[in-house]
Amino acid sequence: MKAVIARLVELLRPSGAVPSSAFRTSMSGGRPPSRDADTRVDADAGLHADAGVDRDVGIVPENDSIRTLTTDLLLALSGLAFFGVWITSDVSVAWRLWIALKIAGVFLATFVLSLAPIYALKRLFDVEARFGDLVSVIAAHFALVGVFASVAVGPFLLLRRGHADADGALAIAFLAASVLGSIVVRARAPRRWFTWRLTAVAVVLTVALLGQSAWALRPYMNPTHPTLFQARLEWFTGSNRRTAEDVILRLAGRGGARPERIQGSEAVDLPAPSASSVCNGQPEVLEQAQSVGLGG
Amino acid sequence: MAPLLAVLGVGVFALVVNVVRYGFARDWLDPGGYVVAILKPLFLTVPAYLVLRVVLIGRDVVAELSLLSRALADAALSVAGFAPVVWFYLVTSPTPTPVFPLFSLGFGALAFWAPLLVRLGRSISGTKGRLLSYAWLASLLLTETYAMVEWLASGIEGRL
């Protein structure tokens, strides 16, 4: 518990924490850290002493990323699950717990799926940091999202209107603000892992994955009342997709009649899809799929 | 080794997309054709590019090959790294099954070519003969776009 609190303090005050001695050496081109830097370490270690942080290094040592990773993921998942428990309008405990699991699952899936692309980015841009440290930093971001989401429960309960659509949008807004807050707070950290361009790529990637995970797990306020993500179904089955396909055909010099195969359930060479097969059994999506013309 | 990695990386991506599609629609989209469409312009132009670099600019063949290998390995790693992401995207998007996975396959090409171009562009900037390299990269990009558009159009028309 003491370690979790120490980590929490450290996460919330990244600008107060200072790099470990190994990092300072690498940043100063191999020269040993200056006396001023050491003084700064001691001052900051004093600030963190009550929270149980190692006085000699000021922050958790670099080779301890596994421990911080566990703590960060724990903080993230518990904070997000706590948020999930309170955002549903349903009074049943089972449904609240289900939504809590879904919210935590959205972020856990995003975390896991972002690792391979981040590793590819690290290699491509020759980032010298260890991959384990990068994973730890990503987990720290998610931990902050969890912390912010858990403290957003109070304002959410104050602002909620009892209407599923409005409350759903409000919950999503609070989560988006938590993600933004995490990025802003971590940007104040003294350690720069990525250049700003690479950071932008990583953020876009993670946010896109977050959107997809949210769409996949659909942590709706009410199971029979879909909210914002529903619009995506229309995008993929509506005119926008057909426009994209037409552009490809025109670029390839094949601007003739479109084949039957891509025009939905009238496909001639494939069996017509059943709505349940493409909706993973989600009743709200099933309803939407049937409304856009897929078989039942 | 790097060309093999490139084939493996793109092949893994194509297999992931194909397996998911096969599971949904019982339709096979020719993963081999996708690998060929992505890698053909590169493999067809690299020998000529290397010869020109050596003859006109006097570059070391081994150094050039090493640079290309590194870029290919990075590109292969990138496209393979995005395979789980696209798998997740495909299995969680309620796209109607007869629809050709245009965006997923297009994204795979992007995930391969962007790192390749970035790595090659960065390594040749500021070096002698960079005009030739930039011209090669531009022609590579154009021919790759053409090959990929052709392949995607075939897929949209159901001719794969």
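Above this text sits the structure in question.
So, here is what we can say about the structure in this document. Note that the structure is predicted; figures quoted are calculated from it, not measured.

Rules used throughout
- Think of each chain on its own: its residues are numbered from 1, step by step along the sequence as written.
- Each chain gets a letter, beginning with A, and each ligand a number, beginning with 1, in the order they are written.
- With pLDDT at 70 or above as the cut-off, local features in this predicted model cover only qualifying residues; side-chain atom pairs require 80 or more to be listed or tallied, and sums for whole chains, interfaces and linings still use all residues.
- As a convention, hydrogens and water are excluded, and side-chain values are obtained from all of the structure's heavy atoms.
- The helix and strand labels rest on DSSP assignments: H or I over at least four residues marks a helix, E over at least two residues marks a strand, and numbering proceeds from the N terminus.
- Burial status follows relative accessibility: with a 1.4 Å probe on protein chains alone, a residue under 20% of its type maximum counts as buried, one over 50% as exposed, and anything between as partly exposed.
- Contact criterion: two residues are considered in contact whenever any of their non-hydrogen atoms come within 4.5 Å of each other.
- Each accessible area is a Shrake-Rupley estimate made with a 1.4 Å probe; only the visible protein chains count as cover when residues are assessed.
- Any two of the Phe, Tyr and Trp rings considered here, Trp counted by its six-membered ring, make a pair once their centres fall within 6.5 Å; the pair's planes then place it as stacked at under 30 degrees, edge-to-face at over 60, or tilted in between.
- Nonpolar side chains (Val, Leu, Ile, Met, Phe, Trp, Tyr) within 5 Å and like charges within 9 Å form the patches, drawn only from residues with over 30% relative accessible area and no salt bridge.
- For this analysis, a salt bridge means a side-chain nitrogen from Lys or Arg found within 4 Å of a carboxyl oxygen belonging to Asp or Glu.
- N or O atoms within 3.5 Å of each other form a polar contact, as long as, within protein, one can give a hydrogen and the other can take it, and as long as residues adjacent in sequence are counted only when both atoms are side-chain atoms.
- Put simply, a nonpolar core is a bunch of buried Ala, Val, Leu, Ile, Met, Phe, Trp, Tyr and Cys residues held in one set by side-chain atoms that sit within 4.5 Å of each other.
- Reported domain spans reflect what an automatic or database domain assignment gives.

1. Here we look at the overall build of chain A
1) Next: A tally of helices and strands in chain A yields 13 helices and zero strands.
2) Next: Burial status across chain A gives 46% buried among its 296 residues.
3) Next: Nonlocal contacts in chain A, meaning residues at least 24 apart in sequence, comprise 68% of its contacts between residues at least 6 apart.
4) Next: Carbon and sulfur atoms provide 64% of the accessible area of chain A, an area that totals close to 14,600 Å².

2. Structural notes on the packing of aromatic side chains
1) Next: One pass over the structure, following the stated rule, counts eleven aromatic pairs over all chains.
2) Next: Taken together, Phe83, Phe156 and Phe174 of chain A form an aromatic cluster joined through their ring pairs.

3. Some points on a nonpolar patch on the surface
1) Next: Where nonpolar side chains cluster on the molecular surface, the patch consists of Met1, Leu4, Leu5 and Leu8 of chain B and spans about 440 Å² of accessible area.
2) Next: Tracing the sequence through the fold places Leu4 of chain B in helix 1 (residues 2-25).

4. Observations concerning the environment of Ala25 of chain B
All names here are of chain B.
1) Next: Mapped onto the fold, Ala25 is located in helix 1.
2) Next: The buried category is assigned to Ala25, whose relative accessible area is 6%.
3) Next: Sequence-wise, Ala25 and Val99 are 74 residues apart; in three dimensions their C-alpha atoms are separated by 9.3 Å.

5. A closer look at the side chain of Asn18 of chain B
All names here are of chain B.
1) Next: Residue position: Asn18 is located in helix 1.
2) Next: A polar contact of 2.7 Å, which involves the side chain of Asn18, links it to the backbone oxygen of Ala14.
3) Next: Those residues within four positions of Asn18 in sequence are excluded, and the remaining contacts are Asp27, Trp28, Leu29, Asp30 and Pro31.

6. Some points on helix 4 (residues 83-92) of chain B
1) Next: The buried fraction of helix 4 of chain B amounts to seven of the ten residues, a majority that puts the element mostly inside the structure.
2) Next: When we look at burial in helix 4 of chain B, the residues that qualify are Ala83, Val85, Val86, Phe88, Tyr89, Leu90 and Thr92 of chain B.

7. Some remarks on the side chain of Thr110 of chain A
Residues and elements named next belong to chain A.
1) Next: Within the secondary structure, Thr110 sits in helix 5 (residues 93-124).
2) Next: Among the polar contacts made by the side chain of Thr110, one reaches the main-chain carbonyl oxygen of Val106 at a distance of 2.8 Å.
3) Next: The residues contacting Thr110, other than those within four sequence positions of it, are Phe142, Thr206, Leu209, Leu210 and Ser213.

8. Some details on the nonpolar core
1) Next: With 94 residues, the main nonpolar core has Phe83 and Phe107 of chain A together with Tyr34, Ile38, Phe112, Leu116 and Trp136 of chain B as its most contacted residues.
2) Next: Each of domain 2 (62-223) and domain 3 (231-291) of chain A accounts for three or more of the residues forming this core.
3) Next: Aside from chain neighbours lying at most four places away, what touches Ile38 of chain B is Val10, Gly108, Ala109, Phe112, Trp113, Glu144 and Met148 of chain B.
4) Next: Among the nonpolar cores identified, the runner-up in size contains six residues, and Leu11, Ala140, Ala143 and Leu144 of chain A belong to it.

The analysis is restricted to geometry; functional conclusions fall outside its scope.
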